[in-house]
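# Notes for the structure review
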Amino acid sequence: DSEATDCEPGPADAFDIAWAKQVLAHAARGMHEECRDSGRDDLWTVFDARVLSPSLEGAKPVSYEQLVRELRLPSAEAASNLLITAKRMFARRLRGVVGEYIAEGGEVEQEIADLREILSRARR
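Residues numbered from 1 in each chain as written. Predicted model: local features only at pLDDT ≥ 70, side-chain atom pairs only at ≥ 80, totals over all residues. Heavy atoms only, no water.

### What about the overall build of the chain?
We apply this condition: Helical segments are the DSSP runs of H or I of at least four residues, strand segments are the runs of E of at least two, and each set is numbered from the N terminus. Exposed residues in this analysis have more than 50% of their type's maximum accessible area, buried residues have under 20%, and partly exposed residues fall in between, with area computed by a 1.4 Å probe over protein chains only. Here, two residues are considered to be in contact whenever any of their heavy atoms come within 4.5 Å of each other. Every accessible area reported is derived by Shrake-Rupley at a probe size of 1.4 Å, with residue values counting cover from the shown protein chains alone.
When its secondary structure is counted, the chain shows six helices and zero strands. Per-residue burial over the chain gives 27% buried out of 124 residues. Considering only residue pairs separated by 6 or more positions, the chain has 56% of its internal contacts joining residues 24 or more positions apart. Summing over all exposed atoms, the chain offers an accessible surface of approximately 8,200 Å²; the carbon and sulfur share of this is 50%.

Have a look at this one:
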């Protein structure tokens with residue numbers, strides 16, 4: 001009987017999952033603003049199409065070929081390079097958001113690992 005309840009998310013899991021999604025949303029909003037303010041909508045478009053929407057909404061990732069056409073990029077490699085840059089930007093934003101709420105001396109990387117684990121539970 002306890003095995004069945006171990007698989008069902010409890011209130012603590014629901015809270016953790018909601019919190020993790022809020023942290024990601026906060027980082028994504030900051031990144032979106034940074035991209036818009038710096039005239040790098042291309043970074044946001046590629047990140048949202050290939051990572052964010054598929055991760056948060058279950059959308060199918062947009063193909064690099066479609067992004068090449070949409071953004072008038074020279075190649076799929078150029079789109080891939082934009083994605084690498086965008087992922088780095090998001091990681092920097094996420095570290096900043098996590099750093100805002102952890103206790104002094106806390107480990108940002110451990111908190112990010114915890115976020116990943118929480119979000120993996122949400123997909124089960």
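### So, the confidence of the model for the chain
Counted only if it meets this: As a per-residue quantity, pLDDT reports the predictor's confidence and falls between 0 and 100.
Per-residue pLDDT for the chain has a mean of 87; in total, 87% of the residues score no lower than 70. Note on residues 1-5: pLDDT is under 50 here. Beyond four places in sequence and across chains, it has zero contacts.

### So, the side chain of serine 53
Along the chain, serine 53 falls in helix α3 (residues 41-57). The class of serine 53 is buried, set by a relative accessible area of 14%. If we ignore the near neighbours within four places in the chain, the residues touching serine 53 are Asp48, Gly58 and Ala59.

### Quick notes on the packing of aromatic side chains
What counts, and what does not: Each aromatic pair joins two rings of Phe, Tyr and Trp (for Trp, the six-membered one) with centres within 6.5 Å, and gets the label stacked for planes under 30 degrees apart, edge-to-face for over 60, and tilted for any other angle. Lysine NZ or arginine CZ positioned within 6 Å of the ring centre and within 35 degrees of the ring normal marks a charge as sitting over the ring.
In total, this model carries two aromatic pairs according to the counting rule given. With 6.2 Å between their ring centres and 45 degrees between their planes, tryptophan 44 and phenylalanine 47 make a pair best called tilted. With tryptophan 44 and phenylalanine 47 both in helix α3 and three residues apart, the pair spans about one turn of that helix. Across this residue pair, the class does not change: tryptophan 44 and phenylalanine 47 are buried. Directly above the ring of tyrosine 64 sits arginine 50, whose terminal nitrogen or CZ lies 4.0 Å from the centroid.

### Considering unusual backbone geometry
Generally, phi is negative for residues other than glycine and the peptide bonds are trans, each holding for most cases. Here arginine 72, not a glycine, exhibits a phi torsion of approximately 55 degrees, which is positive. Residue placement: arginine 72 occurs in the loop between α4 (64-71) and α5 (76-101). In this structure arginine 72 comes out as exposed when scored by relative accessible area, which is 75%.

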